[in-house]
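# Remarks on the overall topology
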Amino acid sequence: MSTPNRSNTNSLPFILTGIPGLEALHGWISIPFCFTYVMTLLGNSMVLLAVRLDKSLHEPMYYFISMLAVIDLIFSTAVVPKMLGVFWLGLREIGFEACFIQMFFIHTFTAVESGVLLAMSFDRYIAICNPLRYPTILTSSRTIQIGLLSLARGAGVMTPLMYLLTSLTYCKTRVIPHSYCEHMAVVELACADPSVSDLYSLIVATLLVGTDSVFITFSYGMILRSVMKLPSQEARLKALKTCGSHVSIILLFYIGGLLSMYLQMFSFGLAPHVQVLVADLYLTVPPMLNPLIYGIKMKQIQEGIFKLLGQFARLRISQAD
């Protein structure tokens, strides 16, 4: 019997199992994921509209928040609709190219979000430690350039990884024991030696996340040092409060990411469905919580959303009359 060649083998679709061992509960499990996705769409869309329509929010800090909202929308839409298709309709097949496109979006926008969080820490450092130079250092055009640079960096480092992964021959089972095309679950299906792609992904993850987290820690160390020198307790609390939402997002992003990654690399004796659920929750819960954290912590965003809702309510009343 002849062995199928690489091109024929790699043209076959993959099969997503959803959550291994819990297939009978997919219908129930899909409910919270559907809820988080709807809340993600609503929350991040409201933040974007509030920043877009309220001119008082046309500042670098809120532009960075808008970038996070766009990232969350793209991130969730790349994963959740297909996940719900698996849970609800049993649409388990995903094309070879579609699988790696999904993986590309997940990894790229994870890197982009890390870059935006780094930029936000720099924004807070300048605003608190050097407020007089803030308007000249962080202009609107520079903020947009930083966002585009983060996007270019993410896409630039992930494109070679996708090339390395798609160059491998996948001649084992086509079944991916996951709800989406998770990197390590897909690589395990390769017949060829994936050591080059594994080394590249390890180097990229270490350099990107490691470097960003070090600079973020340094920025907040300098911020804390400056805040402690402020004369009054009220001024110190006000300065720390402006950073509270950002620190919450950073902890959610990095701690959740590390937990998900290590559970995929080392099982720690956990059942496969626990590992998959943790990875699924990491991709779906933070995008929902981000706008809620900013809406609660930042009075300006909260006021902008309420103003937007008030305008919508008045419009509906006028149409009804």
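Chains are numbered independently. Their residues run from 1 in the order of the written sequence. Per-residue local features are limited, in this predicted model, to residues with pLDDT of at least 70; the limit for side-chain atom pairs, both in listing and counting, is 80 or more; totals at the level of whole chains, interfaces and linings are taken over all residues. With hydrogens and water stripped out, all remaining heavy atoms of the structure feed into the side-chain values.

Glancing now at the packing of aromatic side chains. Stacked, tilted and edge-to-face are the three classes assigned to paired rings of Phe, Tyr and Trp, where Trp is represented by its six-membered ring and a pair needs centres within 6.5 Å; plane angles under 30 degrees give stacked, over 60 edge-to-face, the rest tilted. If you walk through the whole model with that rule in mind, you get 10 aromatic pairs. Between Phe104 and Phe105, the ring centres sit 6.1 Å apart and the planes meet at 85°, which makes this aromatic pair edge-to-face. We call a residue buried when its accessible area falls under 20% of the maximum for its residue type, exposed when it is over 50%, and partly exposed in between, using a 1.4 Å probe and counting protein chains only. A relative accessible area of 32% means that Phe105 is categorised as partly exposed. Between Phe253 and Tyr254, the aromatic rings sit 4.9 Å apart at their centres with planes inclined by 80°, giving edge-to-face as the arrangement. With respect to class, Phe253 is no different from Tyr254; both count as buried. The structure contains a cluster of three or more aromatic residues connected by ring pairs, namely Phe14, Phe96, Phe100 and Tyr170. In this analysis the charged atom, NZ for Lys or CZ for Arg, is taken to sit over a ring once it is within 6 Å of the ring centre and within 35 degrees of the ring normal. If you follow Arg174 out to its NZ or CZ, it ends over the ring of Phe14, 4.6 Å from the centre.

Moving on, we get to helix H8 (residues 195-228). Counted at 1.5 Å a residue, the expected span for H8 with its 34 residues is 50 Å, and the 48 Å between its end C-alpha atoms agrees. Of all the positions in H8, only Ser197, Ser201, Val204, Leu208, Asp212, Ile216, Ser219, Tyr220, Ile223 and Val227 are classed as buried. Helix numbering and strand numbering both begin at the N terminus, where a helix is a DSSP run of H or I of at least 4 residues and a strand a DSSP run of E of at least 2. In this scheme, a helix's expected span is set at 1.5 Å multiplied by one less than its residue total.

Together, Leu25, Trp28 and Ile31 make up a nonpolar patch on the protein surface, roughly 370 Å² of accessible area in all. Mapping Leu25 onto the fold places it in the loop between strand E1 (14-16) and helix H2 (26-53). On the basis of relative accessibility, which here comes to 42%, the residue Leu25 falls in the partly exposed class. Nonpolar side chains (Val, Leu, Ile, Met, Phe, Trp, Tyr) within 5 Å and like charges within 9 Å form the patches, drawn only from residues with over 30% relative accessible area and no salt bridge. Using a 1.4 Å probe, the Shrake-Rupley method yields the accessible areas, and only the shown protein chains count as cover for residues. Whenever Lys or Arg places a side-chain nitrogen within 4 Å of a carboxyl oxygen from Asp or Glu, that contact is recorded as a salt bridge.

Attention now goes to the packing of H2 against helix H3 (residues 60-89). Taken N-terminus to C-terminus, the directions of H2 and H3 make an angle of 155°; their axes are 9 Å apart at the nearest point. Put simply, H2 runs roughly antiparallel to H3. Between H2 and H3 the crossing geometry is left-handed. Each axis is a line fitted through C-alpha atoms, taken for helices only over the stretch in contact, and angles between the N-to-C directions span 0 to 180 degrees. Should an angle fall under 35 degrees it is called roughly parallel, over 145 degrees roughly antiparallel, and 65 to 115 degrees roughly perpendicular, with every other angle called oblique. Less than a right angle of anticlockwise turn of the near helix away from the far helix marks a crossing as left-handed, whereas a clockwise turn marks it as right-handed.

Take the sheet that holds E1 next. Spatially, E2-E1-E3 is the arrangement adopted by the three strands of the open sheet, whose pairing is mixed. The open sheet has two edge strands with one neighbour each: strand E2 (93-94) and strand E3 (175-176). Paired strands are those between which DSSP finds at least two bridges. Sheet topology places E1 next to E3; two bridges connect them, and they run parallel. Across the sheet, the residue bridging to Ile15 is Val175, located in E3.

We now examine the UniProt feature "transmembrane region" (unreviewed entry) in the protein chain. UniProt positions are given in the numbering used here, feature names are shortened, and annotations may be inferred rather than shown by experiment. Residues annotated by UniProt as "transmembrane region" (unreviewed entry) correspond here to residues 28-49, 61-80, 100-122, 143-165, 199-223, 243-263 and 275-296. Here residues 61-80 runs as 100% helix and 0% strand, with 28 Å between its end C-alpha atoms. For residues 100-122, the end-to-end C-alpha separation is 33 Å, with 100% helix and 0% strand making up the annotated structure.

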